[in-house]
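Examining the three-dimensional arrangement
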Amino acid sequence: AQIFKDFYPLYKLGKNWNVRDYIVKLNGTPYAGPLKLHERPQDEEDDEFLLHPEKEPYIDFNKVHEIIIRLQDEELKVKDIRAGLVKGAIYVDSKELRRVLTPIPREKLTSLQETLCVLKSLKIDLITRVIKNYTLKLNAEITNVDVYINFCESLQRTEKIMPQIVQEIKFVDKIDSLLET
């Protein structure tokens, strides 16, 4: 019984798992917004995610790394459960326990990896969209003072958002590192 008690946290994790628990805002509160570009508000400015990163999806890389390692360890432990165990005159059939526990780590790892890929795609799509938009604005032919003023405003805004673009790219790189774990 003591051996099987060690598997209760995994069983409980399987029942209570919500992959969205790992998607948070910068302040650690749950992020309930969309994770796909086409689900975002149509009237949203292209660079809104750069100007207000505190509202955007984020992950606690340490927490996610810990759960990945834990699930990988649990997967190995479950594989080592013997089909049966004899304790004195009692035979404990653990086939059903193994059958129930075996898919949990793999399913949860897969859902976490899929969610990380979706989040990574969202970040890449947002960055790509903003770069295309700013490229168009900065490549505009200057024909009069109004166009020149718009060009200067776009240039200033570009300089303002560049550090956050770098942060978003680093975020995507860190997700890639996690996915390689």
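Keep in mind the model is a prediction, meaning the values are calculated, not measured.

1. Examining the layout of surface pockets
Considered as a void within the structure, the largest pocket measures approximately 190 Å³ in volume. The wall of the largest pocket is formed by 13 residues, among which Leu-26, Tyr-58, Gln-164, Gln-167 and Phe-171 lie closest to the centre. In terms of residue count, the dominant contributor to the lining of the largest pocket is helix 7 (residues 145-179) (6 residues).

2. A look at the nonpolar core
Among the nonpolar cores identified, the biggest contains 37 residues, and Trp-17, Ile-59, Val-64, Leu-112 and Leu-119 are the most heavily contacted of them. Counting residues per element, the ones that place at least two in this core are helix 2 (8-16), helix 3 (48-51), helix 4 (61-79), helix 6 (103-138) and helix 7. At 10 residues, helix 6 tops the list of elements feeding residues into this core. Setting aside chain neighbours within four positions, we find Trp-17 in contact with Tyr-22, Ile-67, Leu-71, Lys-108, Ser-111 and Leu-112.

3. Overview of the pattern of salt bridges
Once their charged atoms are close, side chains differing in charge can pair, the charge on each being opposite to the other. The final tally for this structure, using the stated rule, is 10 salt bridges. Here Asp-47 ties to Arg-157 by a salt bridge, and the two come within 2.5 Å at their closest N and O atoms. Here Asp-47 is found in the loop between helix 2 and helix 3, whereas its partner Arg-157 is found in helix 7, with 110 residues between them in sequence. A residue is classified by how much of its surface remains accessible, and Asp-47, at 3% relative accessible area, is buried. Residue Arg-157 is classed as partly exposed on the basis of its relative accessible area of 34%. Each of Arg-40, Glu-44, Asp-46, Glu-56 and Arg-129 takes part in salt bridges that share partners, so that together they form one network.

4. A word on the packing of aromatic side chains
For the structure on display, the rule yields 5 aromatic pairs. Measuring from ring centre to ring centre gives 6.3 Å for Tyr-8 and Tyr-11, while their planes differ by 35 degrees; the resulting arrangement is tilted. Separated by 3 residues within a single helix, Tyr-8 and Tyr-11 lie in helix 2, roughly one turn from each other. Residue classification places Tyr-8 among the partly exposed positions, given a relative accessible area of 49%. Each member of the aromatic cluster is reached from another via a ring pair, and the members are Tyr-58, Phe-61 and Phe-171. Note that Lys-137 overlies the ring of Tyr-134, its terminal NZ or CZ placed 5.3 Å from the centroid.

How each quantity is defined
- Residues numbered from 1 in each chain as written.
- Predicted model: local features only at pLDDT ≥ 70, side-chain atom pairs only at ≥ 80, totals over all residues.
- Heavy atoms only, no water.
- 1 Å grid on protein atoms, 1.4 Å probe; cavity = no way out; pocket = protein on both sides within 12 Å on 5 of 7 lines; lining within 4 Å.
- Points joined across faces, edges and corners; volume = space filled by probe spheres on them.
- Helix = DSSP H or I, 4+ residues; strand = E, 2+ residues; numbered from the N terminus.
- Core = buried A, V, L, I, M, F, W, Y, C linked by side-chain atoms within 4.5 Å.
- Buried < 20%, exposed > 50% of the residue type's maximum accessible area, 1.4 Å probe, protein only.
- Contact = heavy atoms within 4.5 Å.
- Salt bridge = Lys/Arg side-chain N within 4 Å of Asp/Glu carboxyl O.
- Phe/Tyr/Trp six-rings, centres within 6.5 Å; stacked < 30°, edge-to-face > 60°.
- Lys NZ or Arg CZ within 6 Å of the ring centre and 35° of its normal.

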